[in-house]
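# Geometric and topological summary
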Amino acid sequence: MKLINIALAAAIAVGLAVPARAEVLRFSSFEPPVAHITKNILTAWAADVSAASEGELDVQMFPGGTLGRNPAQQLKLVEDGVADIAWVIPGYTPGRFNEGTVAELPFLVKDSTTGSAAMWALYEAGLLKGDYENFKLIGVMSSSPNGLASTVDMREPAELKGQNIRAPGPTMLSAIKSLDAVPVGGITGPTMAESLSRGLITGTFTQWGAVETFSAGGVVNHFLELPLGATPMLIIMNKAKYEGLSDKAKAAIDAQSGAAFSDRFGRSFDEYLSEAKDRILAANEITVIDPDEALTAKWQEAMSVATQDWIAQTENGQAIYDAFKAELEKAEVSN
């Protein structure tokens, strides 16, 4: 009996020495695992949070659409609990994050660093409401501004008339309509190159990173370098999942989120963009069009109605627009 008691005590001691199993968080990305955002920003963030939690969390990446291939599906994956965290493009689910589409307005965002800082500042100021309040927000960001990548030469705003042009968000689609072009929605990044090659569209508002990630360099012939609106982006977490975590686990997430994440994202995105552009141009014959002041002014005038319409049609639109411009200027000074 004494030997049994000793064995039992030893077993209990060993059990107490074994650390608790880490809580697994599933992080979904529709991008390939080697794509810059997924590999160098999201995966690195997941590793940093896991390390900071000291065994409380194991944030695991599920890239390449492992949990859901469609970029427009990412939001629902989090809502349904299939994924705990996901990278979401709000423009793929119109009507869910309306206030944040201010970043899509032309001639506002100059780069991802300042755009992402301004987007998070709007969220912290309480100007992004609605569905933003239904999730734990890891990051609120914007891409660098989108130019016009096309299979035909389109330099003047009038040359877009009647052309099928794609954009990744509803406000940019509205801007396309203001140019008398035909706005084409529903084409996500992964199907962009095929849509261009098949002639379903002759151009798309996009940036060099997306051209590289989704292998569109071989079908694009021209790229107009103008800030025609940025793409708002979110990293969201299931709120119930977050609230059910330990204080230590929450602290590990919080320390790597918010303004810190948006800054991390923006700086990495901008650095990558320059490198991606160089690689694409070295491998493909693409005419890059850098408009002079006169041509830029034509585009600004032609697209000004998109900004006016957004302000008029968005609740609290003028206040959001003014605040966003002010935050962009503030971020530009500090960077």
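Residues numbered from 1 in each chain as written. Predicted model: local features only at pLDDT ≥ 70, side-chain atom pairs only at ≥ 80, totals over all residues. Heavy atoms only, no water.

Here helix α5 (residues 170-178) crosses helix α11 (residues 293-313) at 135°, and the two axes come no closer than 8 Å. The angle between α5 and α11 places the two elements in the oblique class. Read as a crossing pair, α5 and α11 show a hand that is right-handed. Judged by residue contacts, Thr-171, Ala-175 and Ser-178 of α5 engage Ala-302, Met-303, Val-305, Ala-306 and Trp-310 from α11. (Axes fitted to C-alpha atoms, helices over the stretch in contact; angles between N-to-C directions. Helix = DSSP H or I, 4+ residues; strand = E, 2+ residues; numbered from the N terminus. Parallel < 35°, antiparallel > 145°, perpendicular 65-115°, else oblique. Left-handed = near helix turned anticlockwise from the far one by under 90°. Contact = heavy atoms within 4.5 Å.)

The next thing to look at is the confidence of the model for the chain. Predicted confidence across the chain gives a mean pLDDT of 93, with 94% of residues reaching 70 or more. In this model residues 6-19 is a low-confidence stretch, pLDDT under 50, and it forms zero contacts with partners more than four residues away in sequence or in other chains. (pLDDT = per-residue confidence, 0-100.)

The next subject is the sheet that holds strand β8 (residues 203-206). Within the open sheet, the six strands sit side by side as β7-β6-β8-β5-β9-β11. Their pairing is mixed. Each edge of the open sheet carries a strand with a single partner, namely β7 (182-184) and β11 (287-289). If you compare each strand with its neighbour and ignore which way they point, the axes differ by 25° on average. Pairing analysis gives four bridges linking strand β5 (residues 147-150) to β8, with the strands arranged antiparallel. Paired with Ser-150 across the strands is Gly-203, a residue of β8. (Pairing = 2+ DSSP bridges.)

Glancing now at the nonpolar core. Soluble, globular proteins show a tendency: their nonpolar side chains are buried together. Counting residues in each nonpolar core, the largest one holds 46 residues, and the members touching the most others are Leu-42, Trp-45, Ile-235, Ile-253 and Phe-261. For this core, the leading source of residues is helix α2 (residues 36-52), giving six residues. For Phe-261, the contacting residues outside a window of four places in its chain are Ile-41, Leu-42, Trp-45, Ile-138, Gly-139, Met-141, Ile-235 and Gln-256. Counting 31 residues, the second-largest nonpolar core is a separate cluster that includes Ala-83, Val-102, Ala-118 and Leu-127. (Core = buried A, V, L, I, M, F, W, Y, C linked by side-chain atoms within 4.5 Å. Buried < 20%, exposed > 50% of the residue type's maximum accessible area, 1.4 Å probe, protein only.)

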